[in-house]
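# Structure at a glance
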Amino acid sequence: MKAVDLNCLVGHWPFRKLHKNTLEDIQNVHRANNIDGGYVASLNSIFYNDPFEGDEELHEILKDADGYHHVLTINPKLLEFEEDIKEGIERFGIKGVRIYPGYHGYSLDDKDLAELCRILKENDLPLFLPLRMEDPRLNYIITPGTIAMDEVKGFLKSFPDNKIILLTAFVSELKQLEDEIKDHSYVKFDTSGLKDTLFSIENLTAVFPAEKIVYGSLYPLYTFRSTYFLIKHAEVSEKVKAKILSCSW
Amino acid sequence: MLIDIHTHIWGPPGSPPCSSETIESSKKDLIKAGEKYKIDRIYVSGLYSHYPDEEEIAGLNWEVAKFIKEEPKLIGGFCYVNPAHSNAMDVLKKGIEEQNMEGMKLWVATFCDDERVFPLVEQCILYNIPILIHAFHKAVGQLEHESLAPNVANLARRYPEAKLIIAHLGGNAYYGIKPIRNCPNVWVDFSGSLFRRDDIDYTKKLIGADRIVFGTDMPGASFYNNLGQVEDGDLTEEEKEKIYYKNALRLLDRRERIL
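Everything in this summary refers to the structure shown in the same document.

### Some words on the overall build of chain A
- Counting its regular elements, chain A contains twelve helices and eight strands.
- For a compact globule of 249 residues, the expected C-alpha radius of gyration is about 18 Å, and chain A comes in at 17 Å, within 12% of that figure.
- In terms of its C-alpha atoms, chain A occupies a principal-axis envelope of roughly 45 × 40 × 35 Å.
- Split into buried and exposed, the 249 residues of chain A put 47% on the buried side.
- Taking as baseline every contact in chain A between residues at least 6 positions apart, the subset at least 24 positions apart corresponds to 75%.

Shown next, in the form of structure tokens:
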């Protein structure tokens, strides 16, 4: 079973200098910690007028990188986004689509997002849904919209057949979403938001099946080892750790 | 060796001889964390209300003193003081002279450069003990009397012989480090729930590794938030050792004066 990081990015973050923001940086920290690959998205795409231009850059970066998969950034409020997905599948071999409702200004009950979910279901592609990129206390210059847990609950209920990965959710939020996550056959959540309590993996695996949890670092915005050590040193079985570190549907 | 300069027992204090249930829970978590993460020494202060009354302060410091007695090898204490109280000096003296605490803790009841803090700082200079100051710049949710890095810098310049620790990198390193970088009597801890990849490297670039101390804010934060910051940082082994314990040992050593 290969260990993967479901939440890593390359590119620039407009609000502060990132010193380890290349694919090589990601690969270095992964290799040092026995991670075999990752699902990579473009930070640049979040802020470009046309996100696809960032994904063209990302494709050039990833095209020869074994074990590293392209996650396409889509803003469903932009016209013709379905063409971008089609091209992403054909040219880049994308393995998922990532959205940023907080930065792109729409809610989870938006009709264009519903159309995006229909297309993803049709193509069996997972939706990567970051609940945040920075701690809201640290937002600088712009304040992205927040995603309320009631919105997430409604979204999960509305799309029971879509593969969805919730990124950077806090432990307290996962507790609020417990029923919806358990009831949804295809939803998972990553580890990058597990920061506010001690022994979070031990506690979460007592509530959720290990298959619901995937390893995601949000590197290089966040440190890699802060969340990787949560799993590596957790007092859970090696089988449970392996399930978290590999992602299978 | 590993020293955690910044942890808490949280909740309403109990009544002697029994700790409250929530504080017992914090204590259990800290002891378990000490064992699991091989922490040699954990420094604790008790916190609950933003504006605690005298009774609450006395109760929280009693809880910390009790914890020190129960776990003398692992646990050290910072005496929590509300400078707005008329008995604040007595609280500090009791904490240091009778309850075996090793520093003073200021939280959010007053700004740290409020004039009511000055006599307390002067007493800490006499004791030659560090003062752990909560400071947090927030884009949302700033508290009315929550100190910021400029408040800490004001205090540091007024009392260059005081040993100050600004907690949480001032909340946001990009706001918190520049104001104190020319204050050699201010150390920083990076405790708490933030673990941005570049914060420690940025802090080291501005103030060097000699003034960074390891803290976690447990049990309200994951230990690995902060361990990961050091292990991911561009730091030499010598710099890591300084951050993990050597800087804290120097700061806590009452025999060594900085001026």
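### Quick look at the pairing of strand β6 (residues 164-167) of chain A
All names here are of chain A.
- Residues Ile164 and Leu166 of β6 are buried on one face, and the alternating residues Ile165 and Leu167, pointing to the opposite face, are buried as well.
- In this sheet, β6 lies alongside strand β5 (residues 127-130) in parallel orientation, the contact comprising four bridges. Bridge pairing in β6 places leucine 127 opposite isoleucine 164.
- In this view, the connection linking β5 to its parallel neighbour β6 by way of helix α7 (residues 149-158) has right-handed handedness.
- Taken together, the three bridges between β6 and strand β7 (residues 187-190) define a ladder with parallel strand orientation. The residue bridging leucine 166 from the neighbouring strand is phenylalanine 189, located in β7.

### As for unusual backbone geometry
Residues and elements named next belong to chain B.
- Here the residue pair proline 16 and proline 17 is connected by a cis peptide bond, since its omega of 10° sits within 30 degrees of zero.
- With respect to the helices and strands, the residue proline 17 is situated in the loop between β1 (3-10) and α1 (21-36).
- Residue proline 219 is bonded to the preceding methionine 218 through a cis peptide linkage, with omega at 0°.
- One non-glycine residue, lysine 38, lies in positive phi territory at about 55°.
- Structurally, lysine 38 is set in the loop between α1 and β2 (41-47).
- Of note in this structure, leucine 169 is not a glycine but carries a positive phi near 55°.
- Counting through the fold element by element, leucine 169 comes out in the loop between β6 (163-166) and α6 (173-176).

### Re the packing of helix α11 (residues 225-232) of chain A against helix α8 (residues 223-232) of chain B
- Direction vectors running N to C along α11 of chain A and α8 of chain B enclose 120°, while the axes themselves pass 7 Å from each other. With respect to α8 of chain B, the element α11 of chain A is oriented oblique. In this structure, α11 of chain A meets α8 of chain B at a crossing whose hand is right-handed. Contacts between α11 of chain A and α8 of chain B involve Arg225, Ser226, Phe229 and Leu230 of chain A from the first element and Tyr224, Asn225, Leu227, Gly228, Gln229, Glu231 and Asp232 of chain B from the second.
- Of the residues contributing to the contact of α11 of chain A with α8 of chain B, the split by class is four nonpolar, four polar and three charged.

### Points about the sheet that holds strand β3 (residues 68-73) of chain A
- With parallel pairing, the eight strands of this open sheet are ordered in space as β1-β2-β3-β4-β5-β6-β7-β8 (chain A). With partners counted over all chains shown, the strands left at the sheet margins are β1 (4-10) and β8 (213-214) of chain A, one partner each.

### Observations concerning the interface of chain A and chain B
- Between chain A and chain B, the residue contacts involve 27 residues of the former and 29 residues of the latter.
- For the side of chain A that touches chain B, the element with the most residues is α11 of chain A, which contributes four residues.
- Tallied by class, residues from the side of chain A that touches chain B come to twelve nonpolar, seven polar and eight charged.

### Description of the nonpolar core
Residue and element names in this part refer to chain B.
- Core analysis: the biggest nonpolar cluster contains 152 residues, and Ile133, Val152 and Ile166 have the highest contact counts within it.
- Considering every element that reaches this core, the biggest residue donor is helix α9 (residues 237-252), with six residues.
- The residues contacting isoleucine 166, other than those within four sequence positions of it, are Ile133, Ala135, Ala149, Val152, Gly176, Ile180, Val186 and Val188.

The rules behind these values
Residues numbered from 1 in each chain as written. Chains lettered and ligands numbered in written order. Predicted model: local features only at pLDDT ≥ 70, side-chain atom pairs only at ≥ 80, totals over all residues. Helix = DSSP H or I, 4+ residues; strand = E, 2+ residues; numbered from the N terminus. Rg over C-alpha atoms; globule rule 2.2 N^0.38 Å. Buried ≥ 20, exposed ≤ 12 C-beta atoms within 10 Å, placed from the backbone. Contact = placed C-beta atoms within 7 Å. Pairing = 2+ DSSP bridges. Right-handed = clockwise from strand over helix to strand, strands pointing away. Axes fitted to C-alpha atoms, helices over the stretch in contact; angles between N-to-C directions. Parallel < 35°, antiparallel > 145°, perpendicular 65-115°, else oblique. Left-handed = near helix turned anticlockwise from the far one by under 90°. Nonpolar A, V, L, I, M, F, W, Y, C, P; charged D, E, K, R; others polar. Core = buried A, V, L, I, M, F, W, Y, C linked by C-beta atoms within 7 Å.

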